[in-house]
Structure formats: C-alpha cells, structure tokens
Protein chains: 2
Amino acid sequence: MTTEAESARAPRAAMLVIGDEILSGRIQDLNAHHLAQRMSALGIVLAEIRVVPDDHATIVAAVRTLSAAVDYVFTSGGIGPTHDDITADAVAAAFETPIDVRADARAILEAYYAGRPASGGINAARLRMARIPEGARLIENPVSGAPGFVLANVHVMAGVPEIFRAMLAGLEPGLAGGPPIRSHGFEVMMPEGEIAAPLGALAEAHPAVSIGCYPFYRDRPGARVVLRSADAAALADAAEAVRRRLETLLDASDIREVPPSD
Amino acid sequence: MTTEAESARAPRAAMLVIGDEILSGRIQDLNAHHLAQRMSALGIVLAEIRVVPDDHATIVAAVRTLSAAVDYVFTSGGIGPTHDDITADAVAAAFETPIDVRADARAILEAYYAGRPASGGINAARLRMARIPEGARLIENPVSGAPGFVLANVHVMAGVPEIFRAMLAGLEPGLAGGPPIRSHGFEVMMPEGEIAAPLGALAEAHPAVSIGCYPFYRDRPGARVVLRSADAAALADAAEAVRRRLETLLDASDIREVPPSD
C-alpha cells in the first residue's frame, strides 16, 4: 500500500493510454509498464493507468479528470496521420484551447520529410501531425519527426513504443521528482498464507515502508515480499526485520533476497 | 473507432486492475490483455481498463463508477490472504453490503487445505479469503481453492494470471455476449502517412466497420490496417475495398493480408 509519508512528499502522475487496438486485445500496451518503471526511478508516484477507446468525448473527460487529480498526465497513442488519430484535438478540447497546424511543428515535419525523399514527402494527412494546441510546448521526436506536445500538465506522446520511450527520455530531465522510491524484495518458497500474519504485523510496525506480498507458482507455491520506500534508512530497517522474521519460518535456501539496485 | 452499430448491439465491459505492484512497474499486468482478447471473442466491447493502487477509497470509487457505466466489471488482484489484500472489503463497501467469513467459502478453503497437509492448513490469514459479501455468488478457483465472487455486475477475481484465466474461463458460459467481433487485417510496408487519406475515405464509406491504422518499424516504416465489425458481410465488403485500394498503392509483395480467423 502507498504509505502516507510517500504520497505526501512525491509528485503524482497518471497514464492515459488511447486506442481501440489495446481494448480489442489486438495488441498489448507496453508503454504504461515502461512509464511505471521510469516514474518509480524518478520518485514520482504513478497513481492511475487508464485505457480508453478512440472516442472524442471519452478522451476529453479522461484528460480533464486525470489532469485535475495529479501533477503529471502522460498520454500515448492517437497522434499519427490517419483518421483515427484524434488525441491532439481531444486534448485541446479538454482545455478549450484552439488547435490548428502550427508553423513550428510544420517546419519540423517539412525538414524531416525533405531529408527522406523516398518517404513520399509531406502531404495533407501528414500535416495533421502538425496540429498543435495554442501555447503548447513541443516534445521532440528523434525517431520519426512528428512532435508530441505538453499542454498544461498533459504530455501527449506517440503510441509506438520506440517513440514513446524516446519522447519520455527527452522529457525526464524537466520533470520534478521526489526522492527515488527504492524497493527491497524477498522471494520465499512458501505459500503466502503462511507468512501473511507476520507480514501484517511487520507492515504495522514500519509505517514509512509499503510492504506488499504477491503469490506465484514455481513447482510449488511461493511469494514475493516487496518493501518500498523513499526513505532509504527506514527501508533498510524494515528489510532487516523482514529477513529475520522469514529466517524463523523458512530454511535459508528457500529465501532469495533482492536488495535495492542503487 | 468503435462504430455506433457495434456499440448499440454489444454488451460493454470494464476491467479494474488493483495493485501497487503494477503501478510501481515491478510487474507487468497480463490480465487486462487476456480479458480484452476474450471479450472480443465473446462479442463484448471492452470499454475501459483502469489500474488503481491498493487503496480502499480509490477502489470503492472506481468500482462504483465502472459498475454504473458498463454491463460487466471484472477486477483482478487483492483477494489473497495478506494485509494488502483489501479488494473484497472495498467491493462490499462500494455496494454498502455487509461482508464476513462465509460458511460456503470457508468450507471450500477447509476442504482445499485438508487435502494438502504440507501447505500448513487453514489459519487466520487464509480465512480472510473466505470473506465474501452477503448475497454474492462464488466464482470457482480450480487452481488454488480460494474463490472469487460476483456482486451485482462486478466479478472479483485473483491477480495471479493462471488463476485469473481459470476463473474467467469458468464464467464465460454465463456471460451474455453479442455477435463476435471479427477483424480483418493488412500489413503494408509503407508509412501510414502515405495511406492515411485513402483509408479515411474508406472509413467514411463503410460506417458499419471500424478501420484503424497502427504504424510499426521493421527496417522500414510499415502500418497495420485493421478492420473490425460484428457484421461479417460488411467486414468482407470493406476488406475487399481496402485490398483493392492498397493494390493501387503498393506492390503485392508489400501487402500481407490477415483474414478473419473464423
């Protein structure tokens, strides 16, 4: 569970994945998981992931709700050249901001396609990708030219994973994070029902640390115990207590410790 | 885009994934993608996927919102024996329904653990998994005993993918679906900006079919064109029109057709 100490300090983010192709099961979204990992590394709490269809009113409503609820919203999908790419207009509508082909974005696209004559050059469909709301800041796209944009606290990015990642990497230095949230894990070859009671007591005794327990099966039932905190000392303290308790319950060979990576 | 013909006929579903471990990026959710594929096969439109943390008030609010918005809500995660498993109580609270250890669920757990003496047997933590809201219908768990439940239109299931899938498979015969939504795809080795205009025109000419276009990179830029419809004749018609149009734009060797699977 998210501890109160953590949420009081750290900025909060939400991810809005836009695309019928995810909801139909045709493709699996990979961007939310990548964003989740990057937010943890930056000390930003990812508070919600929402996947919605390519529907104007639904996107407008989700952008408004999430933008009001968190510090940073990230969207993926729906900013390409085809008729089903409606994200830019929906985000503009969410903030009642005019949107049209903007000269700076158009110049980026023209330069990109001028350097790639085999691509067929700029055309009306591709000019859709230069539709940017008034006052929005562009997000560089080092992969395929067409920029994303930031309007208010909403970061509008591509759905293609390579482009999403490149755009996010470019944004990261400008995001105000909290202290990075570190994790300390234990994999134990014991059903979680056997360690639930001691873990509950340990969670209560270490309120600055979030302690989660996730079952798995590998020939026999096991559980991952994961401690998370932005407070490195409190994390080390709680991890030590959990390790000692586990050692009273299991053979050392049935405990695998995963200490913090940094 | 979801066509109006499709949404008027088909029941709608939403997925609520519950778990800090997804939002922290520690593990990638697999259940939403599986549910999305199954819903398409059953002719049920998955209208939203939402991932929320292990937080009582947040789960209660999400359950209420989604339950009111769609025909079927499916949740995954948070029904195990540990202190961070709070889903059952939150779903009960969302419907203001009393919840306690229920005799039928307790009997299932007792029988399960009695048959597995090495598991350590029933204990207080495991009895948490017999907490079922009044009036809820149990969902069988053939993998690890502890049942899920259905309260109103909310189907509460385990987060472990093997168990989630087994529970869903058991539920499927009881779900009222629409006509299955079929898809017909084309992979073209051409940037989507080059086919955007003709696709837009084709989408307008075939309103009973949803036509999406999704870019990818494989040495050079390509795009997946996906047609979807519950109306098999309209789908075949539109696919024929798209194929003919693509053949005027590309060499046949740069078009790969993916016809409906059934």
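Provided above is the structure to which this section pertains.
Residues numbered from 1 in each chain as written. Chains lettered and ligands numbered in written order. Predicted model: local features only at pLDDT ≥ 70, side-chain atom pairs only at ≥ 80, totals over all residues. Heavy atoms only, no water.

An account of the relation of the copies chain B and chain A is requested, with residue identities and associated values reported.
Two copies of a chain can be linked by a rotation about an axis combined with a shift along that same axis. Turning chain B through 180° and shifting it by 0.0 Å along the axis lays it on chain A, with an RMSD of 0.0 Å. Viewed as a symmetry operation, the transformation between the two copies matches a two-fold axis. Residue Arg50 of chain B of chain B places its C-alpha closer to the rotation axis than any other residue of that unit, at 2.2 Å. When the interface residues of chain B are mapped onto chain A, 100% of them are again interface residues, pointing to one common binding face. (Least-squares fit on C-alpha atoms with pLDDT ≥ 70 in both. Contact = heavy atoms within 4.5 Å.)

Can you tell me about helix α10 (residues 232-249) of chain A, naming the residues and giving the values?
Every α-helical turn comprises 3.6 residues, leaving residues that sit three or four positions apart pointing alike. All names here are of chain A. Along its 18 residues, α10 runs 26 Å from first to last C-alpha, staying within 8% of the 26 Å computed at 1.5 Å per residue. Residues Ala234, Leu235, Ala238, Ala239, Val242 and Leu246 constitute the buried set of α10. Each buried residue of α10 sits inside an arc of 125° when the element is viewed along its axis, so together they form one side. Set apart from the buried face of α10 by more than 90 degrees, the exposed residues are Ala233, Asp237, Arg244 and Thr248. Those residues of α10 that are buried are in contact with β9 (182-188), α9 (192-205), β10 (210-218), β11 (220-229) and β12 (255-258). The opening residue of α10, the one whose side-chain oxygen lies 3.2 Å from the backbone nitrogen of Ala233, is Asp231. (Helix = DSSP H or I, 4+ residues; strand = E, 2+ residues; numbered from the N terminus. Expected span 1.5 Å × (residues − 1). Buried < 20%, exposed > 50% of the residue type's maximum accessible area, 1.4 Å probe, protein only. Arc of directions from axis to C-beta. Polar contact = N/O pair within 3.5 Å; in protein donor to acceptor, adjacent residues only side chain to side chain.)

Provide a residue-level description of the sheet that holds strand β12 (residues 255-258) of chain B, including the pertinent values.
The strands making up a sheet are joined through hydrogen bonds of the backbone, oriented either antiparallel or parallel. Residues and elements named next belong to chain B. Spatially, β10-β11-β9-β12 is the arrangement adopted by the four strands of the open sheet, whose pairing is antiparallel. The open sheet has two edge strands with one neighbour each: β10 (210-218) and β12. Each strand of the sheet is rotated relative to its neighbour by a mean of 15°, with strand direction disregarded. The pairing of strand β9 (residues 182-188) with strand β11 (residues 220-229) spans seven bridges and is classified as antiparallel. Along β11, the bridge assignment pairs Phe186 with Val225. Here helix α10 (residues 232-249) sits on the sheet and contacts β9, β10, β11 and β12; the angle it forms with β9, its principal contact strand, is near 5°. (Pairing = 2+ DSSP bridges. Axes fitted to C-alpha atoms, helices over the stretch in contact; angles between N-to-C directions.)

Describe unusual backbone geometry, listing the residues and the values that go with them.
The phi dihedral of Glu96 of chain A falls on the positive side, at around 50°, and the residue is not glycine. Looking at the secondary structure, you find Glu96 of chain A in the loop between α5 (87-94) and β4 (99-101).

Lay out the pairing of strand β7 (residues 148-151) of chain A with the relevant residues and their values.
Residues and elements named next belong to chain A. On β7, burial covers both faces: Gly148 and Val150 on one face and Phe149 and Leu151 on the other are all buried. Two strands pair when backbone bridges link them, and β7 and strand β8 (residues 154-157) are joined in this way by three bridges, in the antiparallel orientation. From the neighbouring strand, Val150 faces β8, where its bridge partner is His155. Between the end of β7 and the start of β8, which pair antiparallel, lie two residues, with Ala152 showing a positive phi angle near 55°.

So what's going on with the nonpolar core? Residues and values would help.
Core analysis: the biggest nonpolar cluster contains 122 residues, and Met15, Met39 and Phe74 of chain A together with Met15, Met39 and Phe74 of chain B have the highest contact counts within it. With sequence-adjacent residues up to four places away left out, Met39 of chain A is seen in contact with Ala13, Ile44, Phe74, Leu168 and Leu175 of chain A. (Core = buried A, V, L, I, M, F, W, Y, C linked by side-chain atoms within 4.5 Å.)

I'd like a description of the packing of aromatic side chains, backed by residues and values.
Residues and elements named next belong to chain A. By the definition in use, this model includes four aromatic pairs over all chains. Taken together, a centroid distance of 5.1 Å and an interplanar angle of 90° make the contact between Tyr112 and Tyr113 edge-to-face. One exposure class covers both Tyr112 and Tyr113, and it is buried. Directly above the ring of Tyr112 sits Arg116, whose terminal nitrogen or CZ lies 3.7 Å from the centroid. (Phe/Tyr/Trp six-rings, centres within 6.5 Å; stacked < 30°, edge-to-face > 60°. Lys NZ or Arg CZ within 6 Å of the ring centre and 35° of its normal.)

Explain the interface of chain B and chain A residue by residue, including any values.
With 59 residues of chain B in contact, the opposing surface of chain A contributes 60 residues. Buried area between chain B and chain A, summed over both chains or domains, comes out near 4,900 Å², and the portion from carbon and sulfur atoms is 56%. At the junction of chain B with chain A, the criterion picks out four salt bridges. The closest approach of N and O atoms between Arg50 of chain B and Glu48 of chain A, which form a salt bridge, is 3.8 Å. At the surface where chain B touches chain A, the tally comes to 16 residue pairs in polar contact (both at pLDDT 80 or more). Only α2 (20-23), α3 (31-42), β2 (45-52), α7 (124-127), α9 (192-205), β10 and β11 of chain B provide two or more residues apiece to the side of chain B that touches chain A. Examining the composition of the side of chain B that touches chain A, we find that eight residues originate from one element, α9 of chain B, more than from any other. Here the residues of the side of chain B that touches chain A are counted per class, giving 27 nonpolar, 18 polar and 14 charged. (Buried area = accessible area lost by both parts, 1.4 Å probe. Salt bridge = Lys/Arg side-chain N within 4 Å of Asp/Glu carboxyl O. Nonpolar A, V, L, I, M, F, W, Y, C, P; charged D, E, K, R; others polar.)

Residue-level account of the sheet that holds β11 of chain A, with values.
Residue and element names in this part refer to chain A. Reading across from one edge, β10-β11-β9-β12 is the order of the four strands in this open sheet, with antiparallel pairing throughout. The sheet is open, and its two edges are formed by β10 and β12, each paired on a single side. Neighbour-to-neighbour, the strand axes of this sheet turn through a mean angle of 15°, independent of strand direction. Both β10 and β11 contribute to a ladder of nine bridges, which runs antiparallel.

Describe the pairing of β8 of chain A, naming the residues involved and giving the relevant values.
Regular strands show a simple pattern: their side chains alternate between the two faces of the sheet. Residue and element names in this part refer to chain A. Across the two faces of β8 the burial is the same, with Val154 and Val156 and His155 and Met157 all buried. Examined bridge by bridge, strand β3 (residues 72-76) and β8 share four bridges and lie parallel to one another. Paired with Thr75 across the strands is Val156, a residue of β8.

So what's going on with the pattern of salt bridges? Residues and values would help.
Residue and element names in this part refer to chain A. All chains considered together, the criterion is met by 30 salt bridges over all chains. The partner of Asp254 in a salt bridge is Arg220, and the shortest N-O contact between them spans 2.9 Å. A residue pair is termed long-range when its members are at least 10 positions apart, and Asp254 in the loop between α10 and β12 and Arg220 in strand β11 qualify at 34 residues. In this structure Arg220 comes out as partly exposed when scored by relative accessible area, which is 40%. Across the salt bridge formed by Arg243 and Glu247, the nearest N and O atoms sit 3.6 Å from each other. Here Arg243 and its partner Glu247 are both found in helix α10, four residues apart, which amounts to about one turn of the helix. Taking relative accessible area as the criterion, Arg243 reaches 22% and is therefore assigned partly exposed. Under the relative-accessibility criterion, Glu247 is labelled partly exposed at 44%. Among the charged side chains, a salt-bridge network with shared partners connects Glu240, Arg243, Arg244, Glu247 and Glu257.

Lay out the packing of α9 of chain B against α10 of chain B with the relevant residues and their values.
Residues and elements named next belong to chain B. At a closest axis distance of 11 Å, the pairing of α9 and α10 adopts a crossing angle of 160°. In terms of their interaxial angle, α9 and α10 are classed as roughly antiparallel. In this structure, α9 crosses over α10, and the sense of that crossing is right-handed. Facing Ile195, Pro198 and Leu202 of α9, the residues of α10 in contact are Ala241, Val242, Arg245, Leu246 and Leu249. Across the contact of α9 with α10, the residue classes break down as seven nonpolar, no polar and one charged. (Parallel < 35°, antiparallel > 145°, perpendicular 65-115°, else oblique. Left-handed = near helix turned anticlockwise from the far one by under 90°.)

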